[in-house]
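Chain residues, written in single-letter form:
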Amino acid sequence: MKRQFEITPDLIRQTLGYDAKDKIKLSKERTITTLWAGYGTVSRLTVSSLSNHVKQVLVIKRVVPPSKDDFDSIGNQRKLKSYMVEAAFYKEIAPILLCNKIMGEEDSGVTASPVSFPTIARPYSIQMLEEEEGHAGGAGPSFCFILSDLSERYNQSYRSSDVGQVKAAIKWLAAFHSRFYRCHTMSKRNKKNGHNNTTIPWDKIWAEGGYWHLKTRLEELDQIPASHQIFQSCAFAIDERMNDGPPSSFTLIHGDFKSENVLFGKDDNDGRNWICSAVDFQYCGRGYGAKDLVMFVVSSVSTKVFEELSEEGILCMYAEELKKNLVSLGHLSLQDIDHIVDRDVLKMQYELALIDYVRFMAGWGFWGYNSRYAEQRATEALTQMYKNWSQKQGTNKSIKELSQEDWKEAVYESYPM
């Protein structure tokens, strides 16, 4: 039988650093939501210290995978690994973000420009229990995340038609991505302070960030209908190109950046500017920052706002915020920064990420405000890629006749990053 996590006053004392003599009262947990496919719950718990009359609200995320006959299936193993990844994120990566400090700022002699710090929930305790032996049917380990509650500050509903909220989300992404670029070359400022991102547990998170990446979505690949056959044919070439490139091409991405995983609030200073925070880091991993941008645009931005801001405008906005943060952080050379924010490079990464995301939706199901745009834009990009390749090759092959090797040549020729 699978063991359950029990939240006790003693555990809370230890977790929050209360004195052993403090009298603690715990409210009844209130369920906020259930996890995808019945894998657990998320609830709120109010902790009252009767000694000093202080109340604190916590979020308790319990992951208790159901017993499954298809324990070894790709889908189940993907979900189980996702919670291991989220545990690694909160244990080893979250402290870096919560530090809110620019490496070497005090003694660098450099006056940094304003830098945005991406806010996230503070992890107080991350626990894991392995499945007990003899449990009927495979289930996998259970987890209990005890996190700070973001709802007091981030308590505004998301409206896909609110330009300010969309811009706040893009700004958060740029701030988050800027922390995790790792390049061979480092600025003098950062060499002095020995900062090279070696503290990031790259081996404990997804080698390819994003819940739709190809290696875990082969079932969906097989389900792509004939009407979208080109996305099936080019899938492995696109995937290979997206994972092949210099270190300056990659950062840590959220991997599931949709409005349901973003909380919004108003700036404390004047209450006019939107701010946001993100939750659910199960699919964080290495990848193009553009992957998060693509998912948010397709899934969560109204068609009206997208037409107002435009694809080019969103990429420019993201690039400007990204550059501002990278320069302020000072851990990369200006040459690396210029490559990261180069408009042509960002556009190529965005197009590849868009094609890759449409490939997943073609087999899983199209959804989101801008799924039609995504399908049309990705199809146009593939068609143009095919035309360029066929002209160079001098071939009469139709686009449906291209082999995987043909697509690989076409992809690398069109996206020479």
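What counts as what
- Residues numbered from 1 in each chain as written.
- Predicted model: local features only at pLDDT ≥ 70, side-chain atom pairs only at ≥ 80, totals over all residues.
- Heavy atoms only, no water.
- Phe/Tyr/Trp six-rings, centres within 6.5 Å; stacked < 30°, edge-to-face > 60°.
- Lys NZ or Arg CZ within 6 Å of the ring centre and 35° of its normal.
- Salt bridge = Lys/Arg side-chain N within 4 Å of Asp/Glu carboxyl O.
- Helix = DSSP H or I, 4+ residues; strand = E, 2+ residues; numbered from the N terminus.
- Buried < 20%, exposed > 50% of the residue type's maximum accessible area, 1.4 Å probe, protein only.
- Expected span 1.5 Å × (residues − 1).
- Bend = angle between axes of the 7 residues up to and from the residue.
- Core = buried A, V, L, I, M, F, W, Y, C linked by side-chain atoms within 4.5 Å.
- Contact = heavy atoms within 4.5 Å.
- Pairing = 2+ DSSP bridges.
- Polar contact = N/O pair within 3.5 Å; in protein donor to acceptor, adjacent residues only side chain to side chain.

Now for the packing of aromatic side chains. Counting across every chain of the model gives 22 aromatic pairs. Members of the aromatic cluster, joined through ring pairs, are Phe-89, Tyr-90, Phe-143, Phe-145, Tyr-158, Trp-172, Phe-176, Phe-180, Phe-257, Phe-264, Phe-281 and Phe-296. Positioned over the ring face of Phe-145 is Lys-61, at 5.7 Å from the centre of the ring.

Moving on: the pattern of salt bridges. The final tally for this structure, using the stated rule, is 19 salt bridges. Note that Lys-204 and Glu-92 form a salt bridge whose closest N and O atoms lie 2.6 Å from each other. Taken together, the positions of Lys-204 in the loop between α4 (188–193) and α5 (218–222) and Glu-92 in helix α2 (residues 74–99) put the pair 112 residues apart, joining distant regions of the chain. Three or more residues joined by partner-sharing salt bridges are found here, namely Lys-61, Glu-86 and Asp-280.

Here we take up the environment of Pro-66. Relative to the assigned elements, Pro-66 resides in the loop between β4 (54–63) and α2. Taking the relative accessible area as the measure of exposure, Pro-66 reaches 25% and is therefore partly exposed. When the C-alpha positions of Pro-66 and Asn-76 are compared, they lie 9.9 Å apart, and in sequence the two are 10 residues distant.

This brings us to α2. Spanning 26 residues, α2 covers 36 Å between terminal C-alpha atoms, matching the ideal 38 Å at 1.5 Å per step. The axis of α2 is deflected most strongly, by about 45°, at Ile-93, and proline Pro-95 appears within four residues downstream.

Turning to the nonpolar core, a few remarks are in order. As a rule of thumb, nonpolar side chains are buried together in soluble globular proteins. Core analysis: the largest hydrophobic core is formed by 107 residues, its most contacted members being Phe-89, Ile-355 and Trp-407. Tallying contributions element by element places helix α12 (residues 343–364) first for this core, with 12 residues. In this structure Phe-89 touches Ala-94, Leu-97, Ile-120, Phe-176, Leu-252, Phe-281 and Cys-284, once residues within four positions along its chain are discounted. Residues Ile-7, Leu-11, Ile-12 and Leu-58 belong to the second largest nonpolar core, which totals 13 residues.

The subject of this paragraph is unusual backbone geometry. We note that Ala-37 has phi near 65°; this positive angle belongs to a residue other than glycine. One non-glycine residue, Asp-280, adopts positive backbone phi at about 60°.

Looking now at the pairing of strand β2 (residues 30–34). Two strands pair when backbone bridges link them, and β2 and strand β3 (residues 40–49) are joined in this way by 4 bridges, in the antiparallel orientation. The partner of Thr-34 across the bridge, within β3, is Thr-41. Taking the residues that link successive antiparallel strands as the turn, the β2-β3 hairpin has 5 residues, and the phi of Ala-37 there is positive, at about 65°.

Residue position: Glu-321 is located in helix α10 (residues 311–329). A distance of 3.4 Å separates the side chain of Glu-321 from the side chain of Lys-324, its partner in a polar contact. Excluding its chain neighbours within four sequence positions, the residues that come into contact with Glu-321 are Ser-116, Lys-171 and Ala-174.

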